[in-house]
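# Chains, contacts and geometry: an overview
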Amino acid sequence: MARIVEICLVFSLATYTFSTQSGNLDEEWKLIVVGRSTVSALSRNTSGIENVHYINSPLRSFTHGHPMDVTYDARNRLIYWSDCFLKTLFRATIEGANITILTDIGLNDPRGIAFDWITGNIYFIDRVLSSYVWANLVVCRNDSNLCSIVVHRELGLLASIALDPNEGIMFWNGQKGIMRAGMDGTEQMAIVTTQEAIEVTIDLQASRIYWIERSEGLNNLNSALYDGSDRKIVISLNTNSFDVCVFENKIFWRDQKAHYIKSADKSTGSNISTEFRYNGRAVYSYNGKATYRYGMKIYHIATQPIKRTNPCKNSPCSHICTISPSPTRPSRCFCPVGMRLNNNNLRNCVEYEGASKLVVALKNTIMTMRFNSIGTPVFDSTTIPKIGKISSIVYNPVNNTLILSDTETRKIYEYSIRSKQLTVLVGNDVDNVTGMDIDPVGENLYWINGGKENVEVMSLRTKTRVVLITLSTSLDNSSVIEFSGILVVPSKRSLYISGTGKDMTEIWKFELSGTNRSTIRRLNTDKPIILKYDEESGNIMWVGTEKVEFMPPTRNNFHFTFLTQPFDVVKYKDRIYWTDMFSQDVIFRSSSSIIFHSKERRIKLESLENNSTLNTFSGMKMTVLNRDPWQLEILRRLRNKHECSSMNPNRKRCSHLCLLSGGDDFVGVCRCPTDFILSQDGMTCIKQTCAQHEFTCSNGKCISKSAFCDGTPDCSQREDEISCGINQENKLNCQDWTSGEFFRCNMTGICIPKSWLCDGTSDCPSEDDSDERECNLNLMCPDGFFKCNTTKLQCILSDWVCDKDNDCDDGSDENQNCEELNNRKLCPDDYFSCNGGECIEKHMVCDGYRNCVEVEDERDCEQKYNISMNTPSVVLITLLLLSIIIIVVILIVIFLKRKSRTPIPNRVVELSELSNNLVN
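Named according to an unreviewed UniProt entry, the protein is EGF-like domain-containing protein originating from Orchesella dallaii.

Put into structure tokens, the structure is as follows:
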């Protein structure tokens, strides 16, 4: 297995002729080294005595991780380092003061890091955790609020990066050799063919690169020009040699076994001598134990010369500007992950409409943060004045809206993300919504009405409400006293509800029609249980006060203990996000089993600290605005085949409410509101006939005539108290009792939803086709929808046009000059085109997740971006690891056989002897 090696290069100050703008050339140089948990500065005093100064002390808990590499800004006396354990980039002064987190969002496994001393940008390599070879080369602004992926390809396990900003080029060691590219990611090429390159650095003065290469049991120090020519071996070192640097005319390296620092002539490799010895211990140690180093740099202003003007100083880029090697275009604009350049000017960044986001709601404020972003988290905040306090929030992917409940106004609203418009969905009889979820297939909204302790469902198309489950009547023989969580999973055709009682909590499973209850979990707790669905694994996830678990348990069952009581939880890909009961922070951690260490990390919503209306405690609710193409495609396929879906031409035409059944087939069940019954066709709801002495409410409810005009509203629409004192026959039509949402059939007088008018199918019973007569062919579809070329008004999403699926009944969505349209719908240059027409960002290719519906973004990853060089086989790596394991097992067996020959009473095997035997 190749070992980690770092090379650094420094030139003699006497021969350095490059100009510098600031900094002290007379200052003594320092060696900045990375240990197992420390970043240190090594130097000598005037007497030649070595000094060790910790920049990142191992006693500082919040930075006590595993540093990987280090870089610096000599002019501002700043040190930067990457930490693979904390998944963070840190910054501090050379004296070790003002340690701050530079970047802690979106990182997987940060490795090599480099500083562009002309623009101030930070470059680093972030390895994709699901791959041994794929990684992202990322550039961040110096404030690190904004980061972009410059290169996404095979960079190797030990990838490092070196910059020459004066030439606008960078180098890194990849799986296939030493790579060179512009600092904007252009002109990528392999300049050295090798499979054993470990670390790379550059000689700015001579325009040469240096790297360590493992060859035939030796670590060879190699050198070549920037174009890969004039390649030569400077010196061959033993495999115990690490940490190579060049200074003046000498090469320095550390001999790990002898604890020496040695040197030789950098041109010929001759005159090997011992330079330093540190009392038989490693050069940098902690508590008397040698640390395994990972990175090393020489710190001095002369190593960062400036020979060109900063092309980004007055850049028109809206977000990120990098140096480019092109003489005609010295700079290039980049956008943060989740945004793209405007095609009109390639300078301004616009948000990608398909970006998935984390949504956080606090009181009357909605905050959104793009997933997959890299850098310091930035929340976009919107305050809705008409809202008092949001108690629940869910995302409706059908029309890209948020549905939220307000405990102060006691209403349920729909909020348009695009138009920022707020409309009332449910305006009455909403006491206290304690949980809410949506079925986007049947377009039904479910919620827990805490004030009445029941579960209700409402059709988002007809606005019909039905009480599904009542605590007092539906859950007989149960000790539960209140509902606490609700979850709708259309793909499983199931509804999950949690209820809490004295010293116990139960989790039940229902059909989406509210029938067939079964208890699937009993817990010994009286605390509320949060229910969520894990899209990645397809398992139900429940969250208590101490841990989160999946149902049903699997080999990948994940659970951990919360440090604080969670208020709400969501999961996106391999990360779990939650809010707690005692802060205004969003906390997250990885749930992936392949991550060896995973710590909780907090996003402080600093914008809330300055908002006086939010300074009192109020729990934050969350949801995921999931616009991943494969998720939307799965939803589309479900809606195409289910009887309750408005997209299904053979749908079950329930007049009021269609609920998904719990069977394997995608069939629907029609339900009617209170005091309505199904007619003989099993789909149409008709009002129950009230007795002669009763008054009929608009919803079919029968009340005594003595309650009519008695000053107290008994009907839900208050019609029993309207026009009181006027003697009139109480004969209402559809327009009167539904506010225009229904149409009365001419022959039968039955009311049907107006949305069914002119849809190509007669929905009125018997021979009555009055709903399909006199259709207005000039009706228009809403923005973002396509109108099918039929005699009816059929609207489909614009994105479904020319997607190779017939969504219109007449197939007109696939006959609209699709070839020309597809040419217009080509993905931008920085996006990958899926077979189904979806566009995903290129860094999502070969990232271990399904982003395209047909998973073509995860196929043939080793062949993607091929540069005509030999790629080391993953099979060989696997065989090498297996060989090491077999050797260790053989050594243990030999030791145990030797031990069996030794009389036990006369000999005690010491731990140190056991270690020596294993090594031998």
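So, on to the overall build of the protein. Per the secondary structure count, the protein includes seven helices and 66 strands. Put simply, 44% of the contacts in the protein that link residues at least 6 apart link residues at least 24 apart. A total accessible area of about 42,800 Å² is found for the protein, and carbon and sulfur atoms account for 48% of it.

Turning our attention to the nonpolar core. Core analysis: the largest hydrophobic core is formed by 33 residues, its most contacted members being F124, F171, I178, I209 and I374. The element best represented in this core is strand β17 (residues 197–203), accounting for three residues. Setting aside chain neighbours within four positions, we find F124 in contact with L89, L107, P110, G112, I113, N136, L137, V138, C140 and I374. Counting residues in each nonpolar core, the second largest holds 28 residues, with V480, V488, W508 and L635 among its members.

Take the packing of aromatic side chains next. Using the criterion set out here, one finds eight aromatic pairs in the structure. Judged by centre distance (4.0 Å) and plane angle (10 degrees), the ring pair of F371 and Y572 falls under stacked. Remark: Y572 occurs in strand β50 (residues 566–572) and F371 occurs in the loop between β33 (365–370) and β34 (380–383); sequence separation between them is 201 residues. Accessibility classification places F371 together with Y572 in one group, the buried group.

The next point concerns the UniProt feature "domain: EGF-like" (unreviewed entry) in the protein. UniProt tags residues 311–350 and 643–686 as "domain: EGF-like" (unreviewed entry). Summarising residues 311–350: 0% helix, 32% strand, and an end-to-end C-alpha distance of 23 Å.

Attention now goes to the pairing of strand β2 (residues 30–34). One face of the sheet, then the other: side chains in a regular strand alternate in exactly this way. Of all five residues in β2, five are buried, a share of seventy percent or more. Residues K30, I32 and V34 line one face of β2 and the alternating positions L31 and V33 line the opposite face, and both faces are buried. Pairing of β2 with strand β27 (residues 295–299), which is carried by five bridges, proceeds in the antiparallel orientation. In the sheet register, K30 faces β27, and the bridge partner there is Y299. By the bridge criterion, four bridges tie β2 to strand β3 (residues 39–44) in an arrangement that is antiparallel. Along β3, the bridge assignment pairs V33 with S40. Counting the residues between successive antiparallel strands, the hairpin from β2 to β3 contains four residues.

Looking now at the environment of D439. Among the structural elements, D439 can be located in strand β39 (residues 433–439). Sequence separation of D439 and N396 is 43 residues, and the distance between their C-alpha atoms is 8.5 Å. With sequence-adjacent residues up to four places away left out, D439 is seen in contact with N444, Y446, V488, P490, L512 and L660. From its side chain, D439 meets the backbone nitrogen of V441 in a polar contact 3.0 Å long. One polar contact links the side chain of D439 to the main-chain amide nitrogen of G442, over a distance of 3.2 Å.

Considering all chains together, one arrives at eight disulfides under this definition. Through a disulfide, C140 is tied to C147; the S-S separation comes to 2.0 Å. The chirality of the disulfide connecting C140 with C147 is right-handed, given an S-S dihedral of about 110 degrees. Across the pair, C147 and C140 agree in class, each one buried. The partner cysteine of C644 in its disulfide is C658, sulfur to sulfur 2.0 Å. Taking the sign of the torsion about the S-S bond as the criterion, the disulfide between C644 and C658, at about -75 degrees, is left-handed. On the criterion of sequence distance, the pair formed by C644 in the loop between α3 (629–641) and β55 (657–660) and C658 in strand β55 is long-range, its members being 14 residues apart. Accessibility classification places C644 together with C658 in one group, the buried group.

A few words on the sheet that holds strand β12 (residues 147–154). Within the open sheet, the four strands sit side by side as β9-β10-β11-β12. Their pairing is antiparallel. Looking at strand neighbours, the two that pair on one side only are β9 (110–115) and β12, the edges of this open sheet. Along the sheet, successive strands turn relative to each other by an average axial angle of 20 degrees, direction set aside. Across seven bridges, the pairing between strand β11 (residues 134–140) and β12 is antiparallel. Following the sheet pairing, N136 is matched in β12 by H152.

What follows concerns the sheet that holds β27. What holds strands together in a sheet is hydrogen bonding between their backbones, with the strands either parallel or antiparallel. The strand order β4-β3-β2-β27 describes an open sheet built from four strands, whose pairing is antiparallel. Each edge of the open sheet carries a strand with a single partner, namely β4 (50–56) and β27. Shown here is a sheet whose adjacent strand axes are inclined to one another by a mean of 25 degrees, direction ignored.

Residue position: T462 is located in the loop between β41 (454–459) and β42 (465–470). By relative accessible area, T462 is classed as buried at 10%. At a separation of 3.0 Å, a polar atom in the side chain of T462 contacts the side chain of T464.

What follows deals with the environment of Y299. Inspection of the secondary structure assignment puts Y299 in strand β27. Among the residues examined, Y299 registers a relative accessible area of 2% and is labelled buried. The spacing of Y299 and L42 is 257 residues in sequence and 9.9 Å in space, taken between C-alpha atoms. Filtering out sequence-adjacent residues up to four positions away, Y299 remains in contact with E27, W29, K30, I32, Y72, A74, R77, I79 and I94.

This part covers the pattern of salt bridges. Pairing of side chains with opposite charge becomes possible as their charged atoms draw close. All chains considered together, the criterion is met by 18 salt bridges. In this structure, the salt-bridge partner of K532 is D568, at a minimum N-O distance of 3.5 Å. One end of the pair, K532, is in strand β47 (residues 530–534); the other, D568, is in strand β50, with 36 residues separating them in the sequence. Each member of the pair K532 and D568 is classed as buried. With a closest N to O distance of 2.9 Å, R637 and E633 form a salt bridge. Linking R637 with E633, this pair stays in helix α3, spanning four residues, or about one helical turn.

Residues L880, L881, I884, V888, I892 and L896 make up a contiguous nonpolar surface patch of about 470 Å² in total accessible area. Among the structural elements, I892 can be located in helix α6 (residues 874–900). The exposure class assigned to I892 is partly exposed, which follows from its relative accessible area of 37%.

Let us now look at α3. For α3, built from 13 residues, the straight-helix expectation of 18 Å at 1.5 Å per residue is met to within 8% by its first-to-last C-alpha distance of 19 Å. Among all positions in α3, only P629, W630, Q631, E633, L635, R636, L638 and R639 are buried. On the buried face of α3, the contacting elements are β66 (839–841).

When you line up the elements, S645 lands in the loop between α3 and β55. There is a polar contact of 3.1 Å between the side chain of S645 and the backbone nitrogen of M647. S645 has contacts with V441, R639 and R651, leaving out every residue within four places of it along the chain.

With relative accessibility at 1%, the residue C644 sits in the buried group. Residues C644 and L659, spaced 15 residues apart in sequence, show a C-alpha to C-alpha distance of 6.6 Å. For C644, the contacting residues outside a window of four places in its chain are V441, G442, R461, C658, L659, L660, G668 and V669.

Positive phi values are uncommon outside glycine, yet N271 reaches one of about 60 degrees. The topology assignment puts N271 in the loop between β23 (260–265) and β24 (273–277). What makes N271 exposed here is its relative accessible area of 62%. Unusually for a residue other than glycine, N400 sits at a positive phi of about 60 degrees. In this fold, N400 is placed in the loop between β35 (390–396) and β36 (401–406). According to the relative accessible area criterion, N400 is partly exposed, its value standing at 22%.

Rules and cut-offs
- Residues numbered from 1 in each chain as written.
- Predicted model: local features only at pLDDT ≥ 70, side-chain atom pairs only at ≥ 80, totals over all residues.
- Heavy atoms only, no water.
- Helix = DSSP H or I, 4+ residues; strand = E, 2+ residues; numbered from the N terminus.
- Contact = heavy atoms within 4.5 Å.
- Areas by Shrake-Rupley, 256 points an atom, 1.4 Å probe, with all protein chains shown as cover.
- Core = buried A, V, L, I, M, F, W, Y, C linked by side-chain atoms within 4.5 Å.
- Buried < 20%, exposed > 50% of the residue type's maximum accessible area, 1.4 Å probe, protein only.
- Phe/Tyr/Trp six-rings, centres within 6.5 Å; stacked < 30°, edge-to-face > 60°.
- UniProt positions renumbered as here; feature names shortened; annotations may be inferred.
- Pairing = 2+ DSSP bridges.
- Polar contact = N/O pair within 3.5 Å; in protein donor to acceptor, adjacent residues only side chain to side chain.
- Disulfide = S-S within 2.5 Å.
- Axes fitted to C-alpha atoms, helices over the stretch in contact; angles between N-to-C directions.
- Salt bridge = Lys/Arg side-chain N within 4 Å of Asp/Glu carboxyl O.
- Patch = residues over 30% accessible without salt bridge, like charges linked within 9 Å, V, L, I, M, F, W, Y side chains within 5 Å.
- Expected span 1.5 Å × (residues − 1).

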